[in-house]
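# Examination of the molecular architecture
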Amino acid sequence: MCCKVDAVCNDAKPLSAVQTIEGKKRNRHETRTVAVFDARPAVRGTEWQPHVKAIIAVERRVLTFKPATGLWKSSSECAFYLSNRHVPAEQAADAIRKHWGIENKQHYTRDVTFHEDASRIRCAPGIFARLRSFAYNILRFNQSDTMAQDRYAAALGGIEALNKMKYFK
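Residues numbered from 1 in each chain as written. Predicted model: local features only at pLDDT ≥ 70, side-chain atom pairs only at ≥ 80, totals over all residues. Heavy atoms only, no water.

## Some details on the pairing of strand 4 (residues 71–83)
Threshold: Strand pairing follows a simple DSSP-based rule, namely that at least 2 bridges must link the two strands. Only DSSP runs of H or I covering at least 4 residues are called helices, and only runs of E covering at least 2 are called strands; the numbering of each starts at the N terminus.
Sheet topology note: the strand 3 (residues 54–66)/strand 4 ladder contains 13 bridges and is antiparallel. Note that in strand 4 the partner of Arg-61 across the bridge is Ser-76. Two successive antiparallel strands, strand 3 and strand 4, enclose a turn made up of 4 residues, where Gly-70 displays a positive phi of approximately 75 degrees.

## Remarks on the side chain of Glu-116
To keep things clear, this is the line we draw: Exposure categories follow from relative accessible area, calculated using a 1.4 Å probe and restricted to protein chains: below 20% of the type maximum is buried, above 50% is exposed, and the middle band is partly exposed. Identification of polar contacts relies on pairs of N or O atoms within 3.5 Å, with a donor-acceptor requirement for protein atoms, meaning one able to donate a hydrogen and the other able to accept it, and with residues adjacent in sequence counted only if both atoms are side-chain atoms. The contact criterion used throughout is that any non-hydrogen atoms of two residues lie within 4.5 Å.
By the element assignment, Glu-116 lies in the loop between helix 3 (89–114) and helix 4 (125–141). Overall, Glu-116 belongs to the buried group, its relative accessible area being 18%. Here Arg-110 takes part through its side chain, which lies 2.5 Å from a polar atom of the side chain of Glu-116. Beyond its immediate sequence surroundings of up to four residues, Glu-116 is in contact with Arg-110, Asp-111, Ala-129 and Arg-132.

## Points about the layout of surface pockets
Stated formally: Points on a 1 Å grid, built from protein atoms alone, make a cavity when a 1.4 Å probe fits but cannot get out and make a pocket when they are open with protein on both sides within 12 Å along at least 5 of 7 lines; residues with an atom within 4 Å of a point are the lining residues. Grid points are joined across faces, edges and corners, and a volume is the space filled by probe spheres set on the points. Residue polarity follows a fixed list, in which Ala, Val, Leu, Ile, Met, Phe, Trp, Tyr, Cys and Pro are nonpolar, Asp, Glu, Lys and Arg are charged, and the others, Gly among them, are polar.
In this structure, the largest pocket spans a volume of roughly 260 Å³. Lining the largest pocket are 13 residues, with Glu-30, Arg-32, Arg-60, Arg-97 and Trp-100 sitting closest to its centre. When contributions to the lining of the largest pocket are tallied by element, the ones reaching two or more residues are strand 2 (28–38), strand 3, strand 4 and helix 3. Of the residues assigned to the lining of the largest pocket, the class counts are 3 nonpolar, 4 polar and 6 charged. Roughly 200 Å³ of internal volume is contained in the second largest pocket. In this structure, the second largest pocket is lined by Phe-114, Leu-131, Phe-134, Ala-135, Ile-138, Leu-139, Arg-151, Ala-154, Ala-155, Leu-162, Met-165 and Tyr-167. Looking at the lining of the second largest pocket, the elements that each hand over two or more residues are helix 4 and helix 5 (147–164). Of the residues belonging to the lining of the second largest pocket, the class tally is 11 nonpolar, no polar and 1 charged.

## Section: the packing of helix 3 against helix 4
Put simply, the test is: Axis lines are fitted through C-alpha atoms, for helices just across the contact stretch, and the angle between N-to-C directions can take any value from 0 to 180 degrees. Between 65 and 115 degrees an angle is taken as roughly perpendicular, under 35 as roughly parallel, over 145 as roughly antiparallel, and anywhere else as oblique.
Put simply, helix 3 and helix 4 touch, their axes get as near as 11 Å, and they point 100 degrees apart. Here helix 3 lies roughly perpendicular to helix 4, going by the angle between them. Residues Lys-105, Gln-106, Thr-109, Arg-110 and Phe-114 of helix 3 form the contact with helix 4, whose participating residues are Ala-129, Arg-132, Ser-133, Ala-135, Tyr-136, Leu-139 and Arg-140. Of the residues that constitute the contact of helix 3 with helix 4, the class distribution is 5 nonpolar, 3 polar and 4 charged.

## Observations regarding the environment of Gly-70
Summarising the element assignment, Gly-70 is placed in the loop between strand 3 and strand 4. Residue Gly-70 is classed as partly exposed on the basis of its relative accessible area, which comes to 40%. With 24 residues separating them along the chain, Gly-70 and Asp-94 place their C-alpha atoms 33 Å apart.

Written as structure tokens, this is what we have:
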């Protein structure tokens, strides 16, 4: 299927496309092209045919400035997403950017504050991941300072600190 998706995106004309440019943020210049294609040729005759309606191709070209050398380094990649409905390229681009913004923010906080990647829990790790998510959401809802400092204050404050926290609006 992967080869079919790539072939459709190379051969077919996109239903819609959009290009965004982010210039010189943290020594990076990124050009992102999002194109939406009809998925019928790629999924015809497969179990995916009733479920996949569109292929969303995201091509990223990044120029990164290296201060040590004074040169720009170029890199590019292409990612494919499958959708169960046709969406405009602008809407797809916005949804993908928002998804990764949430993913990066939450993953960074959970890894740095809760040291999740260093966890040695091997028996039912999903339960502990849910507990960390629960704690993350409570701390985020009550955030007064940085997440790490709020976690430290809650740990030192004991039950009194937990009683002072809000758990819903």
